[in-house]
Amino acid sequence: MTYKCPICGFDKLPTCDAEGFVDGGLRVCANQAKVAKIEKLHAANDAKNSRWPMPRRYVHAALTDLVGRVPTRVYDLGHSEDYANGELMVFLGVYGTGKTHAACAIAKAFRARHRFAIFHNASMLADRLSYHNDPERTMMDDILTCDLLTLDDIGRDRGSPFERETLWKIISHRHAECLATIITTNLGPPAFEADELGTAVMSRVRGDHIFVFDRRHNGN
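None of the values given here were measured: they were computed from a predicted structure.

This brings us to the nonpolar core. Core analysis: the largest hydrophobic core is formed by 26 residues, its most contacted members being Val90, Ile143, Leu151, Ile154, Ile183, Phe192 and Val201. Sorting the residues of this core by element identifies β3 (88–92), α4 (122–128), α5 (138–145), β5 (148–152), α6 (161–176) and α8 (196–202) as the ones contributing at least two each. Each residue touching Ile154, except ones within four places of it in the same chain, is listed here: Ala122, Ile171, Ile183, Thr184, Thr185, Asn186, Phe192 and Leu197. One finds Ala61, Val74, Ala103 and Phe213 within the second-largest nonpolar core, a separate group that totals 24 residues.

A few words now on the confidence of the model for the protein. The predicted coordinates should not be examined in detail at positions where pLDDT is low. Residues of the protein with pLDDT of at least 70 account for 75%, and the chain-wide mean is 77. In this model, residues 20–26 is a region of pLDDT below 50 whose contacts with residues beyond four sequence positions or in other chains number 12 contacts.

Positionally, Ser123 belongs in helix α4. Residue classification places Ser123 among the partly exposed positions, given a relative accessible area of 30%. Looking at Ser123, its side chain comes within polar contact range of the side chain of Asn121, at 2.5 Å.

Of all six residues that make up strand β6 (residues 180–185), six are buried, and the element is covered over most of its length. Of the two faces of β6, the one lined by Ala180, Ile182 and Thr184 and the one lined by Thr181, Ile183 and Thr185 are each fully buried. Pairing geometry for β3 and β6, over five bridges, is parallel. Following the sheet pairing, Leu88 is matched in β6 by Thr181. In this structure, β5 lies alongside β6, joined through four bridges in parallel fashion. Residue pairing in the sheet places Leu151 in a bridge with Ile183 of β6.

Compared with the 22 Å implied by 1.5 Å per residue over 16 residues, the 22 Å span of α6 between its first and last C-alpha is a close match. Taken as a whole, α6 has its buried residues at Arg164, Thr166, Leu167, Ile170, Ile171 and Arg174. When α6 is viewed along its axis, its buried side chains cluster within an angular range of 160° and face the same direction. Seen from the buried face of α6, the exposed residues on the opposite side, beyond 90 degrees, are Pro161, Lys169 and Ala176. Packed against the buried residues of α6 are β3, α4, α5, β5, β6 and α8. Backbone geometry just after α6 places Cys178 at a positive phi near 60°.

Cut-offs and rules
- Every chain's residues receive numbers from 1 upward, in the order its sequence appears when written.
- Only residues with pLDDT of 70 or above have their local features reported here, since the model is predicted, and side-chain atom pairs are shown and tallied only from 80 upward, although totals for entire chains, interfaces and linings are computed over all residues.
- To get the side-chain values, all heavy atoms of the structure are used, and hydrogens and water are removed first.
- Among buried residues, those of type Ala, Val, Leu, Ile, Met, Phe, Trp, Tyr and Cys that are joined through side-chain atoms within 4.5 Å constitute a nonpolar core.
- Whether a residue is buried, partly exposed or exposed follows from its accessible area with a 1.4 Å probe, protein chains only, as a fraction of its type maximum: under 20%, in between, or over 50%, in that order.
- The way it works is that DSSP assigns letters per residue, a run of H or I at least four long becomes a helix, a run of E at least two long becomes a strand, and they are numbered from the N terminus.
- In this description, contact between two residues means that some pair of their heavy atoms is separated by no more than 4.5 Å.
- Residue-level confidence of the predictor is summarised by pLDDT, bounded by 0 at the bottom and 100 at the top.
- Polar contacts, as counted here, are pairs of nitrogen or oxygen atoms within 3.5 Å of one another; within protein the pair requires one atom able to donate a hydrogen and one able to accept it, and residues that are adjacent in sequence qualify only if both atoms are side-chain atoms.
- Only strands that DSSP links by at least two bridges are regarded as paired with each other.
- Multiply 1.5 Å by the residue count of a helix minus one, and that product is the helix's expected span.
- This arc describes the spread of directions from the helix axis toward the C-beta atoms.

Here is the structure:
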């Protein structure tokens, strides 16, 4: 037999009593408290997302665009809550093969579920995160803690030692904390693995989370 909470009408949780419970002087119930907590988290994530707008070119990217245009596993992961558990993924391929479009569509799917997702060009990130531009470290905290981070176009240029060290610290931290990260690169597997940063990244990636995009998957 199930019992209905007299306040919210839902099935009672173990923490409900016959009258609900008192929280801060207001009579609420466990169901209401749980919903309120989730809604507060969603509102906070939506506010954070607004600080990191999606690239204008890909603002309308959607998972439905990816059917038949990207590796099937990429499309599946865009729909899956499993990916939110902190996987590291690498999208490899030349320009125009759909890597950025796919990464933006996945980020937008996260945001649609009120998750905190950031997409950023890798070569511009270190400068944006410098002490001069981010003295309170607010942006760095966002980068290190968001639910999904996409670092786009790693390998287009080597960058300074500071830039490369910053990127690796971010990737390594997020991997250790089980936070989802997508990396895109225009390099092929041999070239990416020959790169110092690429070698370090590939050492952290599961084999089934490395995707090579080709002209059959056109949509970037």
